[in-house]
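Chain residues, written in single-letter form:
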Amino acid sequence: MRKYKIILVSTICAVIIGGTSLAGELTDHQKLSRVIYQEAVETPTYADSKGTPKLVAKFIKRLKAAGFVDDDITVVDTAEGHQSLIVRYQGSDSNQKGIAFLGHMDVVTAYKKDWVLDPFTLTEKDGYFMGRGTADNKLGVVGILSTFIKLKSEGYVPTRDMVIMFTDDEETGMVSTKQLAQMALEKLNIEFAFNGDAGGGRISTTGKPLIYSIQAAEKTYYTVTLTVTNSGGHSSRPRKDNAIYQLAKALDKVESHSFKPELNEITELFMKKKSKSEKPEMAAAIMAFLKDQTDEKSIAILSDNTKFNALIRTTCVATMLNAGHAENALPQSAEATINCRIMPGTDPAIVHKQLEDLVGAGVTVAIKSFTGFAPASPMRNDVVAAVVYANALHYEGISITANMSAGGTDGKEFRALGIPVYGVGGYLGIVGDSSNAHGLNEKIRVKGFYKSLDHWERLMKYATGGVK
Ligand SMILES: [Zn+2]
C-alpha cells in the first residue's frame with residue numbers, strides 16, 4: 001500500500017518544473033513548506049528575543065502531525081536560555097551509524113526602522129521571499145524539517161537513522177552547538193553530518209547551472225587584543241614611551257607580516273576547479289602553487305587577490321582601535337583588536353605565539369574571542385554522489401567542488417569532535433544577486449526555495465537507501 005503511494009507521488013513529481021506544477025499551482029508539500037517557512041521567519045529568534053522555544057513548539061506540532069512521536073523528539077535547554085531541537089527519524093538497520101542534519105534556528109538581530117519591509121513578516125514580492133532569516137538559516141532549517149515531514153507522511157523508511165540537530169546560538173556563542181556536538185558523539189551514534197547552513201551553488205542570470213560547492217572545512221575565528229599601557233602624564237611634556245606610538249609600531253609589524261601559505265585537500269580541490277575559470281595569469285599561478293607551495297612568484301600573485309590570499313593562509317587583521325582618555329593627556333593605554341582567520345587544523349596557540357614574537361616586548365597579546373578549532377573533513381565519494389544526485393533534477397550536469405569557509409558555522413564544533421560535516425545547502429543563487437544574509441532586507445528567490453525542497457528530498461533518499 002505504502003509502496004503504491006510513493007510511486008504515485010513520484011509520478012506527480014515528474015510533471016513539476018521549476019518548483020511549481022505545470023499549472024503554476026503549488027503542490028501540497030510546497031504549500032505546507034511555505035506555511036512552515038512563514039511560521040519560522042515570523043517567529044523572531046535573534047539573541048535577546050527568547051523566541052526559539054516558541055519556534056521549537058511550532059516545529060514539534062508539525063512533526064507530530066506527520067507521525068513523529070514523543071520518543072523521536074528531544075528538546076535540549078542550555079543554561080544560557082537557549083533551546084535546541086533533536087529529531088530522530090529511525091532507520092531500518094540499527095547496525096549502521098546515523099546521519100545528522102544540522103541547521104541553526106537563531107538569526108542575526110534586525111531593526112524594523114532600518115528595513116524597507118518588516119523583517120519579521122515573510123513577504124513574497126517580485127519573485128523573492130524577504131525577511132530576516134529567509135536565507136540564514138530558516139531556509140536550511142525549514143528545508144530539512146519539511147522534508148522529514150514529507151517523507152514520514154509518505155511512510156518512507158530510511159536504511160539508517162537521520163537525525164535533525166537544530167541549534168540556537170550559532171550566530172553568537174555556539175554554546176548550544178557545542179552541547180549538541182557532544183551529544184552526537186556520545187549518545188547518537190552519528191557517522192557524519194550534513195549542514196543546511198553552508199554549501200550551495202550559483203546559476204547564471206539566464207538560469208544556467210554554474211557551480212555547486214560542498215563546504216568541508218572552516219577557518220578558525222580567533223580574536224586578540226594588542227595592548228600597551230604606561231603611567232601617562234601631561235601632554236605638555238611628551239616622553240619617549242608613548243602608548244599610541246608603541247601600538248602603532250606593533251600594528252605596522254602585523255600589517256607587513258604574511259603567514260606561511262598552505263594547502264589542504266579541500267582548498268586543493270577548490271583551486272583546481274577554480275583554475276579552469278580564472279584568467280590565464282591567475283590560472284597559471286594556481287597550478288604552480290598546487291605543485292609547489294613555496295613557489296614565490298605564484299604566492300605573490302595569489303596574495304595580491306583578497307579571495308585567494310584568504311584561501312592559502314591564516315590571516316590576522318586590525319579591526320578596532322581604542323586609545324587615550326583626554327586630548328591634553330599622554331595615553332595611559334592603547335588597544336587594538338586583531339581578528340584572525342586560522343587555517344583548519346592549526347592550533348590557535350601557535351598563531352598567538354607568532355603574534356607575540358612579532359610585536360615584541362611591551363605589547364600584551366590577549367585572547368578576546370575564540371570558538372574552537374577543527375580539521376577539514378575528508379571528502380567522501382558517497383557524499384559527493386548524493387550531492388550530484390540531489391542537483392540532477394534542477395541543475396543537471398552542474399560542476400561540483402568543495403570549499404573552505406573563511407567564516408564559522410555549527411559544522412566546526414562537530415568536526416572538532418571528529419564528526420565530519422558537509423555543508424550541502426539546497427539553494428542556488430544567481431551570480432551577483434546576494435541574499436544579504438546578516439544585513440538589511442535579506443531575501444532569496446522564491447523558485448530557489450521550492451527547488452531546495454527537492455534538493456533535500458533527493459539528498460536524504462540517496463544517502464539512506466531510498467534510490468534504487
Ligand atoms: Zn547561518
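### So, the pattern of salt bridges
Piece 1. Under the definition given, this model contains 20 salt bridges.
Piece 2. Measuring nitrogen to oxygen at the nearest pair gives 3.6 Å for the salt bridge that ties K272 to E268. Taken together, the positions of K272 and E268, both in helix α7 (residues 265-275) and four residues apart, correspond to about one turn of that helix.
Piece 3. For K272, a relative accessible area of 41% translates into the label partly exposed.
Piece 4. A single salt-bridge network, built from bridges that share partners, covers K150, E154, E457 and K461.

### Here's the deal with a nonpolar patch on the surface
Piece 1. Taken together, the side chains of I367, F370 and F373 define a hydrophobic patch exposed on the protein surface, amounting to about 270 Å² of accessible area.
Piece 2. Tracing the backbone through its elements, the reader meets I367 in strand β17 (residues 364-370).

### What to know about the pairing of strand β9 (residues 190-195)
Piece 1. Burial analysis of β9 places five of its six residues in the buried class, which makes it a mostly covered element.
Piece 2. As paired strands, strand β5 (residues 98-104) and β9 are joined by five bridges and run parallel to one another. Residue F101 lies in a different strand from β9, and its bridge partner there is F194.
Piece 3. Examined bridge by bridge, β9 and strand β19 (residues 421-423) share three bridges and lie parallel to one another.

### Here we look at the confidence of the model for the chain
Piece 1. Of all residues in the chain, 95% have pLDDT values of 70 or greater, and the mean over the chain is 92.
Piece 2. Low pLDDT, under 50, characterises residues 1-23; the predicted model gives this stretch 23 contacts beyond four residues in sequence or across chains.

### A word on the coordination of the zinc ion
Piece 1. Bound to the zinc ion on the protein side are H104 (NE2), D136 (OD), D197 (OD) and D197 (OD), at distances that span 1.9 to 2.6 Å.
Piece 2. Considering all four donor atoms around the zinc ion, angles at the metal cover 51 to 137° and the coordination shape is irregular.
Piece 3. The sequence motif formed by the donor residues of the zinc ion is H-x31-D-x60-D. Of this pair, D136 sits in the loop between β7 (128-130) and α4 (138-153) while D197 is found in the loop between β9 and β10 (200-203), placing the two residues 61 residues apart along the sequence. Neither residue differs from the other here; D136 and D197 are each classed as buried.

### Comments concerning the nonpolar core
Piece 1. By size, the foremost hydrophobic cluster in this structure holds 79 residues, and its most contacted members are F59, L85, F101, F148, F194 and M271.
Piece 2. A243, C316, A334 and I338 belong to the second largest nonpolar core, which has 21 residues in total.

### A few points about α7
Piece 1. Within the sequence span of α7, burial applies to I266, T267, F270, M271 and S275. For α7, the angular spread of buried residues about the axis comes to 160°, placing them on one side.
Piece 2. Buried-residue contacts for α7 involve β11 (209-218), α8 (280-291), α9 (296-303), α10 (306-312) and β18 (399-405).
Piece 3. By the N-cap criterion, in which a side-chain oxygen at the helix start approaches the backbone nitrogen of a residue two or three places on, α7 is capped by N264, the distance to I266 being 3.0 Å.

### A short note on the sheet that holds β17
Piece 1. Within the open sheet, the four strands sit side by side as β14-β16-β12-β17. Their pairing is antiparallel. Since the sheet does not close on itself, it has two edges, and those belong to β14 (315-323) and β17, each with one partner. The mean inter-strand angle of the sheet, taken between neighbouring strand axes irrespective of direction, is 25°.
Piece 2. As paired strands, strand β12 (residues 220-229) and strand β16 (residues 333-342) are joined by 10 bridges and run antiparallel to one another. Counted as the bridge partner of T225 is T337 from β16.
Piece 3. This element, helix α6 (residues 243-256), spans β12, β14 and β16 of the sheet and lies at about 15° to β16.
Piece 4. Helix α11 (residues 348-359) rests against β12, β14, β16 and β17 of the sheet, and its axis sits at about 150° to β17.

### Structural notes on the sheet that holds strand β6 (residues 123-125)
Piece 1. Here three strands make up an open sheet; going across it, the order is β6-β7-β21 and the pairing antiparallel. Since the sheet does not close on itself, it has two edges, and those belong to β6 and β21 (443-445), each with one partner. Taken pair by pair, the neighbouring strands of this sheet meet at an average axis angle of 25°, ignoring direction.
Piece 2. In this structure, β6 lies alongside β7, joined through three bridges in antiparallel fashion.

### Quick word on the pairing of β12
Piece 1. With eight of its 10 residues buried, β12 lies for the most part within the structure.
Piece 2. Taken together, the six bridges between β12 and β17 define a ladder with antiparallel strand orientation. The partner of L226 across the bridge, within β17, is V365.

### Regarding the packing of aromatic side chains
Piece 1. Under the defined criterion, the tally for this structure stands at 17 aromatic pairs.
Piece 2. Note on Y37 and F449: the rings are 4.3 Å apart at their centroids and 25° apart in plane angle, and the pair reads as stacked. Of this pair, Y37 sits in helix α2 (residues 28-41) while F449 sits in helix α14 (residues 446-463), and the two are 412 residues apart along the sequence. Here Y37 and F449 have matching classes, each one buried.

### Digging into unusual backbone geometry
Glycine aside, residues mostly have negative phi, and peptide bonds are mostly found in the trans state.
Piece 1. A cis geometry characterises the amide bond from D136 onward to N137, with omega recorded as 0°.
Piece 2. As for its position among the elements, N137 is in the loop between β7 and α4.
Piece 3. Although it is not a glycine, N189 sits at a positive phi angle of roughly 55°.
Piece 4. In this fold, N189 is placed in the loop between α5 (175-186) and β9.
Piece 5. The exposure class of N189 is partly exposed, given its relative accessible area of 39%.

Rules and cut-offs
Residues numbered from 1 in each chain as written. Predicted model: local features only at pLDDT ≥ 70, side-chain atom pairs only at ≥ 80, totals over all residues. Heavy atoms only, no water. Salt bridge = Lys/Arg side-chain N within 4 Å of Asp/Glu carboxyl O. Helix = DSSP H or I, 4+ residues; strand = E, 2+ residues; numbered from the N terminus. Buried < 20%, exposed > 50% of the residue type's maximum accessible area, 1.4 Å probe, protein only. Patch = residues over 30% accessible without salt bridge, like charges linked within 9 Å, V, L, I, M, F, W, Y side chains within 5 Å. Areas by Shrake-Rupley, 256 points an atom, 1.4 Å probe, with all protein chains shown as cover. Pairing = 2+ DSSP bridges. pLDDT = per-residue confidence, 0-100. Contact = heavy atoms within 4.5 Å. Donors = N, O, S within 2.8 Å, 3.2 Å for Na, K, Ca; no water. Tetrahedral: all angles 85-135°; square planar, octahedral: opposite > 155°, others 65-115°. Core = buried A, V, L, I, M, F, W, Y, C linked by side-chain atoms within 4.5 Å. Arc of directions from axis to C-beta. Polar contact = N/O pair within 3.5 Å; in protein donor to acceptor, adjacent residues only side chain to side chain. Axes fitted to C-alpha atoms, helices over the stretch in contact; angles between N-to-C directions. Phe/Tyr/Trp six-rings, centres within 6.5 Å; stacked < 30°, edge-to-face > 60°.

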